[in-house]
Amino acid sequence: MADTTIHAPGHGTTTGLSNNKLAMWMFLGSECLLFGGLISTYMLYRGRHEGGPGPAQVFDIPLTSVSSFVLLMSSLTMVLAVNAAKAKDDRNTKLWLTVTALLGSLFVGGQVYEFTAFYKEGLGFTTSLFSSSFFTLTGFHGVHVSIGVMMLLALVAIISRGRITGDKAEAVEMIGLYWHFVDVVWVVIFTLVYLIPA
Amino acid sequence: MSEHAEHAEHAEAHDHPTNSYFIWTALVLALFTALETSTYWIDFGSFATPLLLILMTIKFFVILLVFMHLKYDSKLFGAMFYIGLGLALGVYTAALCTFQFFVK
Amino acid sequence: MTTLELRSGDPSDSLVTPSAALGIFRRPLATTGWKSWVFTVDHKKLGIMYGAVAMFFFLLGGCEALLIRLQLAAPDNTVLSAGLYNEMFTMHATTMVFLFVMPMAAAFANYFLPLQVGARDVAFPRMNALGFWLFLFGGIFLNSSWVLGGAPDGGWFMYSPNSSALFSPSHGVDFWVLGLQITGIASLIGAINLIVTVINMRAPGMTLMRLPVFAWMQLVVQFLLLFAIPVITVALFLLSFQRNFGAAFFDVEQGADPLLWQHLFWIFGHPEVYILILPSFGIISEVIPTFARKPLFGYKFVVFSGAAIGFVGWGVWAHHMFASGLGPVSVAVFSVSTMLIAIPTGVKICNWTLTLWGGKLWFTTAMNFAIGTIVLFTIGGLSGVTHAAAPADTQQTDTYHIVAHFHYVIVGGAVMGLFAGFYYWWPKMFGKTLSERLGTWNFWLMFIGVNLTFGPMHILGMQGQPRRMVVWPDKLTGDGFFNLGFWNRVASVGSFTIATGVLLFVINVFRTARKTEKAPLDPWDARTLEWLTTSPPKEHNFDSIPTVHALDEFFHRKYEEVDAEGGSRLVKVKTAEEVQAELNAHPDEHMHLPSPSYWPILLAFSLPIITYGVIFNLMLSVFGAVILLLAAFGWVLEPSVAGHDEYDPPADSGDSTKELASVG
Ligand SMILES: [Cu+2]
């Protein structure tokens, strides 16, 4: 959401709530149906892997646990950034945003590594219905994380150059909401896709 | 825009959690994640699936309520999200039911 | 407080002027000429553009329908080849649903929601512009398939396996998938924007229970879009990956469930039918009280039944799949839920009828269309309820009976309602009234045409004529009353009757544009807030934002209750001109308006580049993605208000009307 307010967020609106935050929450509510559809597709097809390895053969739970932990910690650094932004502490805001972006990149890196490993084990995108739906679901999540990383880095740059066009704390908070949502989706994927045996 | 007397009071409460509160929350979440992961090494038998689902739900709402501070924010924000979440759960569960997903 | 004051007052949140932030471009600030339209963020201009483009697609989709009816007008006809016929009915439906009814409803929403709630613009004006351009480019992209190897030909719900590369080897389906993704994004951001506008941008005193019914119905529609669009997005992505990257999501041969597509499509598709019809319900809920000269009967019932329809509409989708072997339990559940949804719909029809009851009816063209909507929608709704009964539906699935049903609902309901909106709001939007004489002809031709076209289809369907049938041989038509050839010919004559009616509307529009006579300020003695401002409204909508005290605020400013023998009665105490003069006596000092921007159209332009790339060359997609990224950055760095120094000559003072709203 790029349209930002000049006055304090929520100033002069009917409910006293910020338009931007309201819009962001609606977007996240909408995203529930996007990821819901992808997760359901995976659930329907996870057992269909004739002619290729199945979930039990390829999943590397220790590795995925580590990357889940990384993403979880990035949520912590994100809230620290939000708190710093609220305290008008630019230095710490930028610091924690950068750390969040780094942790996010680490997660995406882990995913790239995981996908490569799967591919070497004979699990390509078109190998089976299981592989197509798995790569589609986790790929969509990965793209969401990557977009988040890009937004975080852009925000750091914009804050550094003093070019923010609206309320700074709110901008950080909005990206934070998006970021936590992506984390929350991973909490669900990690359990439903990786941990619960098919 | 003119001042709206009707809704002059700002809905945003400012009892925002402190850093240490967030760090403790993250620790709890990490603990839960460790517990989840342990099902890979320890055999919980038929308890594994319900346990994992419960842990997942708790983590989900802790992040939502604390990190996304839905607990401290306007109910309207929550409503927007929960409508989407509820609809998603409803329609996709029903669709999976028609595929006999839960009885197979 | 002006923007400038805030800038100097709080250096830590220092704002930069756009020219410094953008470097290359000078911000577009023209108020006349083509630039004032292409870079506009004004909700009224965007509303008009939405309407004009949607009307163009209506005529296009209408020509496609005429070609279909021409092909079926005679036995063993050869107007269209079988392949072209498939493309024709697929594009007819896709165009009418996604490129006409939805954007036309969006046109009215864009234009009138801010006016009806008493706002100066929508909550996110640049997002609004982005939505329009995405819709336009998506529509062009979709239709470019005609000349780039063939249009989509799998039917508008694109079932598997017809959607697969094996059965549809041209790029048509790819264009369909990607084009709908683009228009889907437009709908999604439009939905968020309009919901925030209604929730957060209302004038003082405009409580939710004082919202005009049109605003309420649009609110419900936008919520449906918000949550239904992502579902079709998933379906479209899966189909895309199947066709372009070799996945097998809907390929039975590789063990997939083709029903997955049907579920995803109809989880979106059933809310979609309410997305099509509810805006028209809203329009006629404005038109009927105005021309019956009494308040809407049971405002709360109309509002809550609309919300109920929106909610229950999520639990009925599988009634489109009764013939697909869902199993008895699923069929029974969805059958019952579908019957339930008839209740809130019936409530609405009762309310409109009771509004008419005892009113001093004024049969303008708008009123005619509104009453026509009730009549035709009721017919379509009743045949719809019969489809809720699974055994009957199993017989009728994929026959002309279904075609008859949904055309009564969509043409008779949604389209007639939109036409009521045209005639009702034209004087507000353009300051001139459409000719009532031509309008009356327009209405009767369309009304008779709809019955002539779609009425016989009930008979055809009951006789077993399958939907999407390309040709009927003379020797198989039967005889007597049930002669298929006879009723097919009648339907074809009917379709040209509708077309003549629409043609009269187009003529009416051009004749009205040429005429110099101005419309009166309040030609219909209307009731809601949009009539409280000039026609057409000024760029800032209201000189002074009105404070709302009642439902039908404008009406209550004109009328007062006076004691008379046998109780009190309402008497007109002020004219619209007087009411307006009263309001404008104290214009707001600082009016805040967003400034035009290059970024929405540029950002929207990057999407068809990406999607052409997906079909023809992925390098093109990369190029499009780069544009997308640059446009996004430009957007973020641009404050939604231009600085005073950017005007040429520079804006004179702080109370210029070119400032940003307190909300972006
Ligand atoms: Cu339906």
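Rules and cut-offs
- Residues numbered from 1 in each chain as written.
- Chains lettered and ligands numbered in written order.
- Predicted model: local features only at pLDDT ≥ 70, side-chain atom pairs only at ≥ 80, totals over all residues.
- Heavy atoms only, no water.
- Helix = DSSP H or I, 4+ residues; strand = E, 2+ residues; numbered from the N terminus.
- Expected span 1.5 Å × (residues − 1).
- Bend = angle between axes of the 7 residues up to and from the residue.
- Buried < 20%, exposed > 50% of the residue type's maximum accessible area, 1.4 Å probe, protein only.
- 1 Å grid on protein atoms, 1.4 Å probe; cavity = no way out; pocket = protein on both sides within 12 Å on 5 of 7 lines; lining within 4 Å.
- Points joined across faces, edges and corners; volume = space filled by probe spheres on them.
- Phe/Tyr/Trp six-rings, centres within 6.5 Å; stacked < 30°, edge-to-face > 60°.
- Donors = N, O, S within 2.8 Å, 3.2 Å for Na, K, Ca; no water.
- Core = buried A, V, L, I, M, F, W, Y, C linked by side-chain atoms within 4.5 Å.
- Contact = heavy atoms within 4.5 Å.
- Pairing = 2+ DSSP bridges.
- Salt bridge = Lys/Arg side-chain N within 4 Å of Asp/Glu carboxyl O.
- pLDDT = per-residue confidence, 0-100.

Draft legend 1. Molecular detail of helix H5 (residues 82–117) of chain C. Residue and element names in this part refer to chain C. The terminal C-alpha atoms of H5, which comprises 36 residues, lie 50 Å apart, in line with the 52 Å expected from a rise of 1.5 Å per residue. Residue Met 96 marks the point of greatest curvature in H5, where the axis turns by about 35°. Counted residue by residue, H5 has 32 buried out of 36 residues, so it is predominantly covered. Just beyond H5, the residue with positive phi is Gly 118, at close to 80°.

Draft legend 2. Structural view of empty space enclosed by the protein. Residues and elements named next belong to chain C. Applying the stated criterion across every chain yields a total of 11 cavities of 30 Å³ or more. What the largest cavity holds in volume is close to 310 Å³. Along the walls of the largest cavity sit 26 residues, with Met 102, Pro 103, Thr 183, Ser 187 and Leu 225 positioned nearest its centre. Counting only elements with at least two residues in the lining of the largest cavity, the list comes to H5, helix H6 (125–143), helix H7 (172–200), helix H8 (213–245) and helix H9 (258–292).

Draft legend 3. Here's a closer look at the packing of aromatic side chains. Here the structure, examined in full by the defined rule, presents 91 aromatic pairs over all chains. A centroid spacing of 6.5 Å and a plane angle of 45° characterise the contact between A:Phe140 and C:Phe241, whose relative ring orientation is tilted. Here A:Phe140 is found in helix H5 (residues 129–160), whereas its partner C:Phe241 is found in helix H8 on a different chain. The same class applies to A:Phe140 and to C:Phe241, which are both buried.

Draft legend 4. Region of the structure containing the coordination of the copper ion. Residue and element names in this part refer to chain C. In this structure, His 270 (ND1), His 319 (NE2) and His 320 (NE2) serve as the protein donors to the copper ion, at separations of 1.8 to 2.0 Å. Donor residues binding the copper ion come from one chain and are separated in sequence as H-x48-H-H. Within this pair, whereas His 270 is found in helix H9, its partner His 319 is found in the loop between helix H10 (299–312) and helix H11 (328–340), the two being separated by 49 residues in sequence. Judged by relative accessible area, His 270 falls into the buried class, the value being 6%. Its relative accessible area of 13% is what places His 319 among the buried residues.

Draft legend 5. Looking closely at the nonpolar core. Among the nonpolar cores identified, the biggest contains 303 residues, and A:Trp25, A:Phe59, C:Trp133 and C:Trp261 are the most heavily contacted of them. Looking at this core element by element, the count peaks at 23 residues for H8(C). In this view, C:Trp261 contacts C:Phe157, C:Met158, C:Tyr159, C:Ser160, C:Trp176, C:Ala235, C:Leu236, C:Leu239 and C:Phe250; residues no more than four positions away in its chain are not counted.

Draft legend 6. The arrangement of the pairing of strand E1 (residues 559–564) of chain C in detail. All names here are of chain C. Alignment of E1 against strand E2 (residues 567–572), held across six bridges, turns out to be antiparallel. Bridge pairing in E2 links Tyr 559 to Lys 572. Hairpin connection of E1 to E2: two residues between the antiparallel strands, including Gly 566 at a positive phi of 75°.

Draft legend 7. Structural detail: unusual backbone geometry. Residues and elements named next belong to chain C. Of note, the bond from Ser 160 into Pro 161 is cis; its omega dihedral lies within 30 degrees of zero at 5°. Of note, the bond from Ser 535 into Pro 536 is cis; its omega dihedral lies within 30 degrees of zero at -15°. Within the secondary structure, Pro 536 sits in the loop between helix H17 (484–514) and helix H18 (553–558). Positive phi, close to 65°, is recorded for Asn 541, a residue that is not glycine. For Asn 541, the position within the fold is in the loop between H17 and H18. We note that Asp 552 has phi near 55°; this positive angle belongs to a residue other than glycine. Inspection of the secondary structure puts Asp 552 in the loop between H17 and H18.

Draft legend 8. A look at the pattern of salt bridges. All names here are of chain C. In the structure shown here, the tally under the stated rule is 15 salt bridges over all chains. Here Lys 538 makes a salt bridge to Asp 543, at a shortest N to O gap of 2.6 Å. Owing to a relative accessible area of 33%, Lys 538 belongs among the partly exposed residues under this scheme. Among the residues examined, Asp 543 registers a relative accessible area of 15% and is labelled buried. In this structure, the salt-bridge partner of Lys 574 is Glu 582, at a minimum N-O distance of 3.3 Å.

Draft legend 9. Structural detail: the confidence of the model for chain A. All names here are of chain A. For chain A, mean pLDDT is 89; residues scoring 70 or higher make up 93% of the total. Averaged pLDDT values over the elements of chain A bottom out at 87 in helix H2 (residues 55–58) and peak at 95 in helix H1 (residues 19–45). The low-confidence segment residues 1–6 (pLDDT under 50) makes 35 contacts with residues lying over four places distant or belonging to another chain.

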